[in-house]
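Chain by chain, the residues:
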Amino acid sequence: MSEISRNGVSGGGQPGRIGIGLELDDIHMKILEVLRENGRISVAALAERVGISRASAYTRFEALRADGAIKGFTAEIDHVRAGLGITALIFVTVRQQMWKQFRAELARMPEVEYCAITTGQHDAMIQVRVADVAAVHTMVTDRLANIPAVKATETVFILDEVLKRPYVLPGDGRQARRPAQEAQGDVPLGKMRFVGAAEGRAALKKDD
């Protein structure tokens, strides 16, 4: 697989190594970018979008899967329509000698969508999706509070999920387009317009 990647490096991109050693080049990144928009796209359509042959698209796609860069595919659902209209973040302080118990108990809670160990005031952040506020209250006061490993909790309700991406890629920041230079006249607040030296001198002469 590394041989496939070495032969496919193009565009002068900076390669990166993942998994068992597959080198990611610009074409691999483009494939991941297209799959982010549509994970069910056909190989033929993927090849056309990326600008490579169908055989190359299939080979690279399978290499990404085999190497672990693509871990799998899943459906994205509307949680409100599924009956899970309440989302909350629960910050947990864990007794340091009881992490194993905390992890084991958490694995038995199907409401938990995500958990991360964090720095700062708390030790872990749990995201849960439930039907109503009462379900969050029950989880915090009856279940988490009764786990000996849990020392304290703090709950924050999510009012609106403004932005959620399936994943981000290293080149996403570089793809941001620079705004067009402002036309002559006032520049909107928060933006800057650079004036060339000749233009600046001409403006000063007018003011004299």
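In this text, all values refer to a predicted model and were calculated from it rather than measured experimentally. (Residues numbered from 1 in each chain as written. Predicted model: local features only at pLDDT ≥ 70, side-chain atom pairs only at ≥ 80, totals over all residues. Heavy atoms only, no water.)

Engineer: Sorry, what's going on with the sheet that holds strand β6 (residues 150–157) here?
Structural biologist: The strands making up a sheet associate through backbone hydrogen bonding, with each pair oriented either parallel or antiparallel. Pairing is antiparallel across the open sheet formed by four strands, whose spatial order is β4-β5-β3-β6. The open sheet terminates on both sides in strands that have one partner only, identified here as β4 (112–117) and β6. For this sheet, the mean angle separating the axes of adjacent strands, direction not counted, is 20 degrees. Note: strand β3 (residues 86–94) against β6, seven bridges, orientation antiparallel. Bridged to T93 within β6 is A152. (Pairing = 2+ DSSP bridges. Helix = DSSP H or I, 4+ residues; strand = E, 2+ residues; numbered from the N terminus. Axes fitted to C-alpha atoms, helices over the stretch in contact; angles between N-to-C directions.)

Engineer: Got a minute to help me understand the packing of helix α2 (residues 26–37) against helix α3 (residues 43–50) in this structure?
Structural biologist: Describing two packed helices takes the angle between their axes plus the distance from one axis to the other. Packing of α2 against α3 leaves a shortest axis separation of 10 Å and a crossing angle of 125 degrees. When the interaxial angle is binned, α2 and α3 end up oblique. In terms of crossing hand, the pair formed by α2 and α3 is right-handed. Facing α2, whose interface residues are I27, K30, I31, V34 and E37, α3 presents L46, R49 and V50. Per-class residue counts for the contact of α2 with α3 are five nonpolar, no polar and three charged. (Parallel < 35°, antiparallel > 145°, perpendicular 65-115°, else oblique. Left-handed = near helix turned anticlockwise from the far one by under 90°. Contact = heavy atoms within 4.5 Å. Nonpolar A, V, L, I, M, F, W, Y, C, P; charged D, E, K, R; others polar.)

Engineer: How do you make sense of the pairing of β4 when you look at a structure like this?
Structural biologist: Within a regular beta strand, the side chains point alternately toward one face of the sheet and then the other, so they alternate between its two faces. Looking at chain direction, β4 and strand β5 (residues 124–130) are connected through five bridges and run antiparallel. Counted as the bridge partner of A116 is M125 from β5. Counting the residues in the hairpin turn of β4 and β5 gives six residues, including G120, whose phi is positive at 100 degrees.

Engineer: Looking at this structure, how should I read the layout of surface pockets?
Structural biologist: Here the idea is plain: a probe the size of a water molecule rolls over the atoms and shows the empty space left. Empty space within the largest pocket amounts to approximately 850 Å³. Along the wall of the largest pocket there are 24 residues; nearest its centre are R36, T74, E76, P166 and Y167. If one sorts the elements of the lining of the largest pocket by residue count, α2 sits on top with four residues. (1 Å grid on protein atoms, 1.4 Å probe; cavity = no way out; pocket = protein on both sides within 12 Å on 5 of 7 lines; lining within 4 Å. Points joined across faces, edges and corners; volume = space filled by probe spheres on them.)

Engineer: Is there a simple way to think about the pairing of β5 in this case?
Structural biologist: Among the seven residues that make up β5, seven are buried, leaving the element largely enclosed by the rest of the structure. Burial along β5 is two-sided: A124, I126, V128 and V130 and M125, Q127 and R129, pointing in opposite directions, are all buried. As defined by bridge partners, β3 adjoins β5 across seven bridges and the pair is classed as antiparallel. Residue pairing across strands places F91 opposite M125, the latter belonging to β5. (Buried < 20%, exposed > 50% of the residue type's maximum accessible area, 1.4 Å probe, protein only.)

Engineer: Any chance you could explain α3 here in plain terms?
Structural biologist: Because the α-helix completes a turn every 3.6 residues, residues three or four places apart line up on one side. All buried positions along α3 are accounted for by L46, A47 and V50. The buried residues of α3 occupy an angular sector of 100 degrees when the element is viewed end-on, so they sit on one face. In the core, the buried residues of α3 are packed alongside α2 and α4 (54–67). Immediately beyond the C-terminal end of α3, within one or two residues, lies G51, with a positive phi of roughly 90 degrees. (Arc of directions from axis to C-beta.)

Engineer: What's the story with the pattern of salt bridges in this structure? I'm lost.
Structural biologist: Opposite charge on two side chains makes pairing possible when the charged atoms of those side chains draw close. Summed over all chains, the structure comprises nine salt bridges. Between R60 and D25 there is a salt bridge; the shortest N-O distance is 3.1 Å. Here D25 lies in the loop between β2 (22–24) and α2 and R60 lies in helix α4, a separation of 35 residues in the sequence. D25 shares its class with R60; the two are buried. We note a salt bridge from E105 to R108, for which the minimum N-O separation is 2.9 Å. Accessibility expressed as a relative area gives 26% for E105, which makes it partly exposed. Each of E113, R129 and E161 takes part in a single network of salt bridges with overlapping partners. (Salt bridge = Lys/Arg side-chain N within 4 Å of Asp/Glu carboxyl O.)

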